[in-house]
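Overview (structure and organization)
Below are the chains, spelled out letter by letter.
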Amino acid sequence: MKKGFYGLIIAIGLSTATGCQPQKKGWELVWEENFDQIGQFDETAWSKIPRGTADWNNYMSDFDSCYALRDGKMILRGMINHSQPNDTAPYLTGGIYTKGKVNFTNEGRIEIHAKLNGATGAWPAFWMLPENESWPGGGEIDIMERLNYDSIAYQTVHSTYTYILGIKDNPQHGSTGIINPNEYNTYGLEMYSDSLVFFINGNRTFAYPRIETDKEGQYPFDGKAFYLLIDMQLGGSWVGKIDPTELPVEMEIDWVRYYRKK
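In this text, all values refer to a predicted model and were calculated from it rather than measured experimentally.

Let us look at the overall build of the chain. Scanning the chain for helices and strands turns up one helix and 16 strands. Its C-alpha radius of gyration of 18 Å places the chain within 12% of the 18 Å reference for a compact globule of 262 residues. Within the chain, the proportion of its 262 residues that are buried is 55%. When contacts within the chain are restricted to residue pairs at least 6 apart in sequence, long-range pairs at least 24 apart make up 70% of them. Accessible surface for the chain amounts to roughly 11300 Å². Of this, 48% is attributable to carbon and sulfur atoms.

Structural data, given as structure tokens:
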């Protein structure tokens, strides 16, 4: 049963969800977002991601047509820029994040239920960054990245250890998992003091452990607050060229849920 609950985790404290809510054995649901609002998403939990200079955010826009609430789902679009003459970007994309509003910490499980519509050059992602540290030292957790029309999703971690030192196979810093490309899928992450464990549709796909090493920054994911980013980006050095004839493209977010260990 869907029930609107728009509690917040301000800084790193929690508001607890009650009532008829989905539960998992050994876990307690403490926050969820069902996108049941009318007209505008909940701005006490989410903000639009601003434009930047990196591949992942160089087309981000606050243009209303990049966003919609439809049938209890958050719609994020990537489109050709036909109507914003003061914006020189050829494309516009929508993205939201919980930065400064809702945070996620150790002993937590986050799940996102979503449908990723394909297009050549489409690059939807769910991922996490730390509130109070810079990249890459603070770490990055990629819960899901999907390219074009792929039937797989990428799940990856980044840090000083993997990016600056380039140590990506001790331990393995990423993997892929099968998705149902034309359906809704559930992407999950469990965060522990000694490991990150990834899931797709309830199946464990990949784990990144803390290891003993004298190298810097191998596991920067313990004891800090992370925020969630959800963005529908287009193009870039990884996903490749955009086919404008296949736009607009949409990502449909049904719900986000956050659990803590009982």
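Still more ground to cover, so stick around.
Inspection of the entire model under this criterion finds 17 aromatic pairs. Look at Y154 and W238: their rings are 5.0 Å apart centre to centre, the planes differ by 70°, and that puts the pair in the edge-to-face class. In this pair, Y154 is assigned in strand β10 (residues 152-158) and W238 in the loop between β15 (226-234) and β16 (249-261), connecting sequence segments 84 residues apart. An aromatic cluster is present here, built from W31, F35, W46, F104 and Y258 joined pairwise through their rings. Across the ring face of Y67, the terminal group of K48 is positioned such that the distance to the ring centre comes to 4.5 Å. Taking the ring centre of W255 as reference, the NZ or CZ of R257 above it sits at 3.7 Å.

Now for the pattern of salt bridges. This model, assessed by the stated rule, comprises ten salt bridges. The residue E32 makes a salt bridge to R257 at a minimum N-O spacing of 3.4 Å. Of the two residues, E32 is situated in strand β1 (residues 27-33) and R257 in strand β16; the sequence distance between them amounts to 225 residues. Residue E32 is classed as buried on the basis of its relative accessible area of 1%. Salt-bridge contacts for D214 lead to K215; the nearest nitrogen and oxygen are separated by 3.3 Å.

Another point: unusual backbone geometry. Cis geometry is adopted by the peptide bond preceding P171, which originates at N170 and carries an omega value of 5°. A cis amide bond links L247 with the next residue in sequence, P248, at an omega value of 5°. Here P248 lies in the loop between β15 and β16. The phi torsion at F35 lies on the positive side, around 55°, for a residue other than glycine. With respect to the helices, strands and loops of the structure, F35 is situated in the loop between β1 and β2 (47-48).

Among the seven residues in β10, five count as buried, and that is most of the element. Pairing analysis gives four bridges linking strand β9 (residues 140-145) to β10, with the strands arranged antiparallel. Each bridged residue has a counterpart across the sheet, and for E145 the counterpart in β10 is Y154. The turn joining β9 and β10, which pair antiparallel and follow one another in sequence, is formed by six residues; a positive phi near 55° is taken by N148. Relative to strand β11 (residues 174-178), β10 is paired through five bridges, and the arrangement is antiparallel. Paired with A153 across the two strands is G177, which belongs to β11.

Here the focus is the sheet that holds β10. Strand order in the open sheet formed by seven strands is β2-β6-β15-β8-β9-β10-β11, with antiparallel pairing between adjacent strands. Since the sheet does not close on itself, it has two edges, and those belong to β2 and β11, each with one partner. The pairing of strand β8 (residues 122-130) with β9 spans four bridges and is classified as antiparallel. Looking at the pairing, W127 lines up with D142 of β9.

Size it by volume and the largest pocket reaches roughly 670 Å³. As for the largest pocket, its lining consists of 30 residues, of which W56, W127, W135, E140 and H158 are closest to the centre. Of all the secondary structure elements, the ones that give two or more residues to the lining of the largest pocket are β8, β9, β10, α1 (160-164), β11 and β15. Here the element with the most residues in the lining of the largest pocket is β8; it accounts for five residues. The class makeup of the residues in the lining of the largest pocket is twelve nonpolar, nine polar and nine charged.

When you line up the elements, I110 lands in strand β7 (residues 108-116). Sequence separation between I110 and A125 is 15 residues; the distance between their C-alpha atoms is 14 Å. Leave out the neighbours within four places in its chain, and I110 touches F104, M128, I143, Y187, G188, L189, L228, V256, R257 and Y258.

Calculation rules
Residues numbered from 1 in each chain as written. Predicted model: local features only at pLDDT ≥ 70, side-chain atom pairs only at ≥ 80, totals over all residues. Heavy atoms only, no water. Helix = DSSP H or I, 4+ residues; strand = E, 2+ residues; numbered from the N terminus. Rg over C-alpha atoms; globule rule 2.2 N^0.38 Å. Buried < 20%, exposed > 50% of the residue type's maximum accessible area, 1.4 Å probe, protein only. Contact = heavy atoms within 4.5 Å. Areas by Shrake-Rupley, 256 points an atom, 1.4 Å probe, with all protein chains shown as cover. Phe/Tyr/Trp six-rings, centres within 6.5 Å; stacked < 30°, edge-to-face > 60°. Lys NZ or Arg CZ within 6 Å of the ring centre and 35° of its normal. Salt bridge = Lys/Arg side-chain N within 4 Å of Asp/Glu carboxyl O. Pairing = 2+ DSSP bridges. 1 Å grid on protein atoms, 1.4 Å probe; cavity = no way out; pocket = protein on both sides within 12 Å on 5 of 7 lines; lining within 4 Å. Points joined across faces, edges and corners; volume = space filled by probe spheres on them. Nonpolar A, V, L, I, M, F, W, Y, C, P; charged D, E, K, R; others polar.

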